[in-house]
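Fold and geometry: a report
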Amino acid sequence: MSDDYRSELNRLKTDFLTGVSHQLRTPLNAILGVTHLALARTESELQRQYLLSIQASSRQLMHSIGNLLDLSRLEQGSLPLEADNFELHPLLDELAAEMQTRLEGRPVAFVLTRDAHIPARLYGDSLRLKQLIRCFTDNAVKFTQRGEIRLQVRLAARSRNSVRLHFTIEDTGTGLPAGVSLGLFRRNETSHLYHHTSDGIGLRIARLLARLMNGDAGLVVHHTPGAAFWFTVQLQPEQATDERTTQPVAQQPDQLSRSGRAANSATVLPSTPTPLPEAFTDTDQLLHELQRRLLLEDFSCLELVETHADALQQRLGVNAIRLHSALHDFDFVRAQALLADQGRA
């Protein structure tokens, strides 16, 4: 199939989905509106439960329609990013409050950990960033009936013109089938995961969105119980007309209001981020530090390897590529095995 033919096919598919989306959203909005009015007037508990079921199903269908349209645009490369200055911490607080509401009544805690070194104000598409986070938190909520859901936000790298953030979403839910890896982000391997993801396409949308924002997404392997995913995005410091620079906000541990149940909470904790890698003058020292971080399953291993890629290439040869691949998938076990093989060589 030629590139021109594929491009035209994707364009036609997007146009078709746009038209279908409009045709479906119009009656769905009417259903949601009438259901809302009926809920305000009904006195029968049985009728109320029926109406709530209609409302929930309609909202889920509306969400799925939006996902299909976004997926088509992402695959075609026609989904625009609308960048502007925004405050990250209020965005995370809003998500935490939403999670607390959604988890009300369940013995599930939501824990949000933020790196104190992340700038308070950034420049990027905050709506798409929020959508990206929700792709993973929605999945965690659906499959976690007890325990906790954790969202960790870490400053992976920072320069004068860019801010790279690393997000990790962990849960204690039902987990994923044995043998599932990064293939679940590919189009031809999502159908068998229908019962393990929100609608079969959420994770693919997440990875495409992350890549659109100059990042990536993946699965943390060997994570039990439950499942864990990560993604990265590249944003920019706040854009201003003057020469002011954005200063990091001192992170204060705070906790959102509880509903009277210790398990149903949204807790914001300070993190203790690993310092960004220093300049190692000795390769043995570098390998020792890498082994130490691998034992701790420290996500900064990937930045360490990427920063010292040339030195590792000279020392490890082809295993340096394998090591980078393992860490990109956050497969700490395979990475440790590669270093152990090097030590025996």
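Owing to the predicted nature of the structure, the values given are computational and were not obtained by experimental measurement.

Before going further, it helps to spend a moment on the confidence of the model for the chain. Across the chain, the average pLDDT comes to 76, with 74% of residues at 70 or higher. Summarising per-element confidence for the chain, the mean pLDDT is lowest in strand E8 (residues 254–255) (33) and highest in strand E3 (residues 121–124) (95). Confidence drops under pLDDT 50 across residues 187–199; counting only partners more than four residues distant or on other chains, this segment forms 27 contacts. With pLDDT under 50 throughout, residues 242–278 is counted as low confidence; its partners more than four residues away or in other chains account for 88 contacts.

With 15 residues, helix H3 (residues 88–102) should reach 21 Å at 1.5 Å per residue; the first-to-last C-alpha distance of 21 Å fits that figure. Within the span of H3, buried status applies to Leu88, His89, Leu91, Leu92, Leu95, Ala96, Met99 and Gln100.

Time to look at the pattern of salt bridges. Going through the model one piece at a time under the given rule, you end up with 12 salt bridges. Residue Glu98 is joined to Arg134 by a salt bridge in which the shortest nitrogen-to-oxygen separation is 2.6 Å. With Glu98 in helix H3 and Arg134 in helix H4 (residues 126–143), this residue pair connects regions lying 36 residues apart in the sequence. Take Glu98: its relative accessible area is 28%, and that puts it in the partly exposed class. The exposure class assigned to Arg134 is partly exposed, which follows from its relative accessible area of 28%. Taking the shortest distance from any N to any O, the salt bridge between Glu148 and Arg150 comes out at 2.5 Å. With relative accessibility at 31%, the residue Arg150 sits in the partly exposed group.

In this model, helix H6 (residues 283–295) (13 residues) spans 18 Å end to end at C-alpha, consistent with the 18 Å of a helix rising 1.5 Å per residue. For H6, the complete set of buried residues consists of Leu286, Leu287, Glu289, Leu290, Arg293 and Leu294. Around the axis of H6, the buried residues are gathered within 160 degrees of arc, so they sit on the same side. Along H6, exposed side chains directed more than 90 degrees from the buried face belong to His288 and Leu295.

Right, let's get into the nonpolar core. Counting 47 residues, the largest nonpolar core has Leu129, Leu165, Phe167 and Phe231 as the members making the most contacts within it. With seven residues, the top contributor of residues to this core is H4. Sequence-distant contacts of Leu165, that is, excluding residues within four places in its chain, are made with Leu88, Ile118, Leu122, Arg154, Leu155, Ala156, Phe231, Thr232, Val233 and Leu235. One finds Leu286, Leu287, Leu304 and Leu316 within the second-largest nonpolar core, a separate group that totals 17 residues.

What follows is about the pairing of strand E7 (residues 228–237). Along any regular strand, the residues point their side chains to alternate faces of the sheet. Within E7, eight of the 10 residues are buried, leaving the element largely enclosed by the surrounding structure. In the sheet, E3 pairs with E7 via two bridges, with the strands oriented antiparallel. By the bridge assignment, Tyr123 is partnered in E7 with Gln236. Sheet topology places strand E5 (residues 163–171) next to E7; eight bridges connect them, and they run antiparallel. Of the residues in E7, the one forming a bridge with Glu170 is Ala228. Alignment of strand E6 (residues 216–219) against E7, held across four bridges, turns out to be antiparallel. Looking at the pairing, Leu219 lines up with Phe229 of E7.

As for its position among the elements, Thr42 is in the loop between helix H1 (3–41) and helix H2 (45–76). Polar side-chain contacts of Thr42 include one of 3.1 Å to the side chain of Gln47. Not counting residues within four places of it along the chain, the set of residues in contact with Thr42 comprises Gln47, Arg48 and Leu51.

Each value, and the rule that gives it
- Residues numbered from 1 in each chain as written.
- Predicted model: local features only at pLDDT ≥ 70, side-chain atom pairs only at ≥ 80, totals over all residues.
- Heavy atoms only, no water.
- pLDDT = per-residue confidence, 0-100.
- Helix = DSSP H or I, 4+ residues; strand = E, 2+ residues; numbered from the N terminus.
- Contact = heavy atoms within 4.5 Å.
- Expected span 1.5 Å × (residues − 1).
- Buried < 20%, exposed > 50% of the residue type's maximum accessible area, 1.4 Å probe, protein only.
- Salt bridge = Lys/Arg side-chain N within 4 Å of Asp/Glu carboxyl O.
- Arc of directions from axis to C-beta.
- Core = buried A, V, L, I, M, F, W, Y, C linked by side-chain atoms within 4.5 Å.
- Pairing = 2+ DSSP bridges.
- Polar contact = N/O pair within 3.5 Å; in protein donor to acceptor, adjacent residues only side chain to side chain.

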